[in-house]
Amino acid sequence: RAVAMSVSHSSRLNKLVREQYMRLPQDGLVQVTYVWIDGSGEGVRCKSRTLDKEPKSIEDVPEWNFDGSSTAQAEGSNSDMFLVPVCMFRDPFCLDPNKLVLCEVLKYNRKPAETNLRHTCKKVMDLVKDSHPWFGMEQEYTLLGINGHPYGWPDNGFPGPQGPYYCGVGADKVYGRDIVESHYKACLYAGVKICGTNAEVMPSQWEFQVGPCEGIEMGDHLWMARFILHRVCEDFGVVATLDPKPMTGNWNGAGCHTNYSTEEMRREGGLKHIEAAIEKLSKRHDYHICVYDPRGGRDNSRRLTGHHETSNIFEFSAGVANRGASIRIPRQVGQDGYGYFEDRRPAANCDPYAVTEAIMRTTVLNETGVETKDYAEH
């Protein structure tokens, strides 16, 4: 019998009719969609406005505002929040000349909102800019039907055990490739620095990679890639979850492995700088675990069990080519004597601003302990 897949009603609307309207000329006017992180620290919101000419740089996009009481970011009695444009992309949904604009959120007093973690990340990245930090983040996610059940899984029961799904090919191995390929193309069009994608170990779980990005660019590009993913999934009528352990039991969780190097690590003899950075990280494990998911480590505790290609959340470990370690040095880097390393601890729902800032505080600014230093006065 045919099983009705659990997709949203709006995805069944006639897309050819929509296409007819999308082709209409705009007479020099431009749609700009403002995108921001909401009060959950995980969700993204957006709204659009018309500008009378195409913005050529982020400075051409005006500040705007929104009702913070509806995004868990303000009280109803004082709810206006500022949207400050920080990074502009081409719009893959409405096409040129329209734009997607990532924004920072400021409160009524112009102080950063609680979930605006970009603000301090930018300060730290400016301080360490001479070390030219490069990042590449591997975003794992899981496709769900509208009913919250993994997309393509049997209505009752489970698919066969893990093994054939990772980088798999075939209708019985992978579910939802249309979404993955549409997201990839949309990111390329937008100007997001997406650099790859693959099917993951759990069926209906996928990964895309963004990078290399320098400094603050990492968080900007990963957040926009996430927004585009949720928008693409909306068109197909399914949900992308970044939950670090969407299915309990003998299934892989979802992480956001973070590859990192400084200029000196990338040069001949850089391995000693890599090892020095790992040594610093080893002494600050608790601090990193605390900032590597939005709930101070509680989300990651479901994922970092020491099984399913993870390290144990309570222990720091490092090794060459070891996917069960907190930090993995790729085998090629071990052979070459320079390159980068991979922090495997960040959860899929981490804030990339928080992760990249923490890595810089520990490895370049030489912070120790669980407290962070405020560099605002310097």
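Every chain is numbered on its own, with residues counted from 1 as its sequence reads. Predicted model: local features are reported for residues with pLDDT of at least 70 only, side-chain atom pairs are reported and counted for 80 or more only, and whole-chain, interface and lining totals are derived from all residues. Heavy atoms from the whole structure form the basis of all side-chain values; hydrogens and water molecules are not counted.

A. Spotlight on helix H3 (residues 177-190). When the terminal C-alpha atoms of H3 are compared, their 20 Å separation across 14 residues agrees well with the 20 Å that a helix rising 1.5 Å per residue should span. To sort residues, take the accessible area from a 1.4 Å probe on protein chains only and compare it with the maximum for the residue type: under 20% means buried, over 50% means exposed, and anything in between is partly exposed. Helix and strand assignments follow DSSP, with helices taken as H or I runs no shorter than four residues and strands as E runs no shorter than two, numbered in order from the N terminus. Buried within H3 we find Ile-179, Val-180, His-183, Ala-186, Cys-187 and Ala-190. Looking straight down H3, one finds that the buried residues subtend no more than 130° of arc, so they occupy a single side. Those residues of H3 that are exposed and aimed more than 90 degrees away from the buried face are Asp-178 and Lys-185. Expected span of a helix: the number of residues minus one, times 1.5 Å. To be clear, the arc concerns the directions from the helix axis to the C-beta atoms.

B. Representation of the packing of aromatic side chains. Whether two aromatic rings pair depends on their centres lying within 6.5 Å, for rings of Phe, Tyr and Trp, where Trp uses its six-membered ring; planes under 30 degrees apart make the pair stacked, over 60 edge-to-face, and the rest tilted. For the structure shown, the criterion picks out 8 aromatic pairs. For the ring pair Tyr-260 and Phe-341, a centre distance of 5.4 Å and an interplane angle of 90° mean the geometry is edge-to-face. With Tyr-260 in strand E10 (residues 256-261) and Phe-341 in strand E13 (residues 341-343), this pair connects stretches of sequence that are 81 residues apart. This pair shows no difference in class: Tyr-260 is buried, exactly as Phe-341 is. What links up through ring pairs into an aromatic cluster is the set Phe-135, Tyr-260 and Phe-341.

C. How the structure looks around the nonpolar core. Definition of nonpolar core: a set of buried residues of the types Ala, Val, Leu, Ile, Met, Phe, Trp, Tyr and Cys, connected through side-chain atoms within 4.5 Å. Formed by 71 residues in total, the largest nonpolar core has its most connected members in Tyr-141, Leu-143, Val-192, Phe-208, Met-224, Ile-228 and Phe-341. Ranked by the residues each element gives to this core, the list is headed by helix H4 (residues 217-236), at 10 residues. Split by domain, this core shows at least three residues from each of two domains, domain 1 (9-115) and domain 2 (125-364). Beyond its immediate sequence surroundings of up to four residues, Phe-341 is in contact with Thr-258, Asn-259, Tyr-260, Met-265, Ile-274, Ala-277, Ile-278, Leu-281, Ile-327, Arg-328, Ile-329 and Pro-330. Ranked by size, the runner-up nonpolar core spans 14 residues in total, among them Tyr-34, Trp-64, Cys-103 and Ala-113. Residue ranges for the domains trace back to a domain assignment, done automatically or taken from a database. Contacts: residue pairs with any heavy atoms within 4.5 Å of one another.

D. The packing of H4 against helix H10 (residues 352-363), seen in detail. Inter-axis angles, ranging from 0 to 180 degrees, are taken between N-to-C directions of lines fitted to C-alpha atoms, where helices are fitted over the stretch in contact. At a minimum axis separation of 8 Å, H4 and H10 run at an interaxial angle of 155°. Our classification of the angle between H4 and H10 gives roughly antiparallel. Once H4 is placed against H10, the crossing between them reads as right-handed. Residues Met-218, Gly-219, Asp-220, Leu-222, Trp-223 and Arg-226 of H4 touch H10, and the partners they reach there are Pro-352, Tyr-353 and Thr-356. Just so you know how the angles are binned, under 35 degrees is roughly parallel, over 145 roughly antiparallel, 65 to 115 roughly perpendicular, and the rest oblique. With the far helix as reference, a near helix turned anticlockwise by less than a right angle produces a left-handed crossing, and one turned clockwise produces a right-handed crossing.

E. Expanded view of the packing of helix H2 (residues 118-127) against H10. Put simply, H2 and H10 touch, their axes get as near as 9 Å, and they point 35° apart. Handedness of the H2/H10 crossing: left-handed. Touching Arg-118, Thr-120, Cys-121, Val-124 and Met-125 of H2 are Tyr-353, Thr-356, Glu-357, Met-360 and Arg-361, all from H10. The residue inventory of the contact of H2 with H10, partitioned by class, reads 5 nonpolar, 2 polar and 3 charged. Think of it as three bins: nonpolar holds Ala, Val, Leu, Ile, Met, Phe, Trp, Tyr, Cys and Pro, charged holds Asp, Glu, Lys and Arg, and polar takes everything else, Gly as well.

F. Inspection of the sheet that holds strand E5 (residues 99-106) at higher detail. Taken together, 5 strands build an open sheet; the order of strands is E2-E1-E5-E4-E3 and the sheet is mixed. Because the sheet does not close on itself, it has two edges, and the strands there are strand E2 (44-51) and strand E3 (64-67). Each strand axis lies, on average, 40° off the axis of its neighbour in the sheet, ignoring direction. Paired strands are those between which DSSP finds at least two bridges.

G. Structural detail: a nonpolar patch on the surface. Together, Val-17, Tyr-21 and Leu-24 make up a nonpolar patch on the protein surface, roughly 310 Å² of accessible area in all. Structurally, Leu-24 is set in the loop between helix H1 (15-22) and strand E1 (30-37). Think of a patch as exposed residues, more than 30% relative accessible area, with no salt bridge, where like charges cluster within 9 Å and nonpolar side chains (Val, Leu, Ile, Met, Phe, Trp, Tyr) cluster within 5 Å. Using a 1.4 Å probe, the Shrake-Rupley method yields the accessible areas, and only the shown protein chains count as cover for residues. Any Lys or Arg side-chain nitrogen found within 4 Å of a carboxyl oxygen on Asp or Glu counts as a salt bridge.

H. Quick look at H2. Of all the residues in H2, the buried ones are Arg-118, Cys-121, Val-124 and Met-125. Along the long axis of H2, the arc covered by the buried residues comes to 125°, so they all point the same way.

I. Spatial organisation of the environment of Asn-366. Mapped onto the fold, Asn-366 is located in the segment after H10. Along the chain, Asn-366 and Leu-281 lie 85 residues apart, while their C-alpha atoms are 9.7 Å from each other. When near neighbours in sequence (up to four residues on either side) are disregarded, Asn-366 contacts Lys-280 and Arg-361.

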